[in-house]
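# Coordinate inspection notes
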Amino acid sequence: WLKRFGTDPSLSAIGSQKAAMGGEFTVRTRKFKQNPLLGRKQFVLDVLHPGSGNVSKKDLATKLAAMYKVHDSQCIQLFGFKTQFGGGRSSGFGLIYENLDKMKKFEPKYRLKRAGVGGEKVGAGRRAKKDTKNRRKKVRGKEKTKAAGGKK
């Protein structure tokens, strides 16, 4: 085997593990579009990360910010990543907004929350609403407002 291929296979495996431990990855964009109506650039993102697990979205966002000269890496949204069978390659979708205002206007609320930009929940939680509803069921008339714990 060594005569045919010339190197020891165990040594080459060690070398590739060292490269993977460094967390090296390559980013490529496909289907790049300028979307002026929504104030963003959109693209499919291909990530090559041989020998290592998935790359964090934060690392990808910083690399994209350097590539496309984005002033604020918070304006970059990355989502929908799928790892190819066998690993080493992932692809997902990316959006780079012109500014945070455009992002808050057009992005769905769940993605804004995920990015740490969206507003926090207001009002009572699910369990608290159920409890007040059930307390109101047990009383009649004007006592319902007292049971609700405030003016209704």
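Scroll up to find the structure this text is about.
This report concerns the structure included in the present document. (Residues numbered from 1 in each chain as written. Predicted model: local features only at pLDDT ≥ 70, side-chain atom pairs only at ≥ 80, totals over all residues. Heavy atoms only, no water.)

### Observations regarding helix α3 (residues 57-67)
Here α3 has its buried residues at Leu-60, Ala-61, Leu-64 and Ala-65. Seen from one end, α3 has its buried residues packed into an arc of 135 degrees, which puts them on one side. Exposed side chains of α3 directed beyond 90 degrees from the buried face belong to Lys-58 and Ala-66. At its buried positions, α3 is contacted by β1 (26-35), β2 (40-48) and β3 (76-83). Directly after α3, the chain includes Lys-69, whose backbone phi takes a positive value near 50 degrees. (Buried < 20%, exposed > 50% of the residue type's maximum accessible area, 1.4 Å probe, protein only. Helix = DSSP H or I, 4+ residues; strand = E, 2+ residues; numbered from the N terminus. Arc of directions from axis to C-beta. Contact = heavy atoms within 4.5 Å.)

### Digging into the packing of aromatic side chains
Under the defined criterion, the tally for this structure stands at 4 aromatic pairs. Their ring planes at 5 degrees and their centres at 5.6 Å tell us that Phe-32 and Phe-43 sit as a pair that is stacked. Remark: Phe-43 occurs in strand β2 and Phe-32 occurs in strand β1; sequence separation between them is 11 residues. Judged by centre distance (5.6 Å) and plane angle (55 degrees), the ring pair of Phe-79 and Phe-93 falls under tilted. Taken together, the residues Phe-79 in strand β3 and Phe-93 in strand β4 (residues 89-97) connect sequence positions 14 residues apart. Take Phe-79: its relative accessible area is 16%, and that puts it in the buried class. With a relative accessible area of 29%, Phe-93 lands in the partly exposed category. Members of the aromatic cluster, each reached through a chain of ring pairs, are Phe-32, Phe-43 and Tyr-68. In this structure, Arg-111 is placed above the aromatic ring of Phe-79, and the distance from its NZ or CZ to the ring centre is 3.7 Å. (Phe/Tyr/Trp six-rings, centres within 6.5 Å; stacked < 30°, edge-to-face > 60°. Lys NZ or Arg CZ within 6 Å of the ring centre and 35° of its normal.)

### Quick look at unusual backbone geometry
The phi dihedral of Lys-31 falls on the positive side, at around 50 degrees, and the residue is not glycine. Along the chain, Lys-31 falls in strand β1. Accessibility expressed as a relative area gives 62% for Lys-31, which makes it exposed. Residue Lys-69 is not a glycine yet carries a positive backbone phi of 50 degrees. With respect to the secondary-structure elements, Lys-69 resides in the loop between α3 and β3.

### So, the pairing of β2
For β2, the tally of buried residues reaches 8 of 9 residues, placing the bulk of the element in the interior. Of the pairings in the sheet, the one linking β1 to β2 comprises 8 bridges and is antiparallel in character. The partner of Arg-30 across the bridge, within β2, is Val-44. Hairpin connection of β1 to β2: 4 residues between the antiparallel strands, including Gly-39 at a positive phi of 65 degrees. The pairing of β2 with β4 spans 9 bridges and is antiparallel. (Pairing = 2+ DSSP bridges.)

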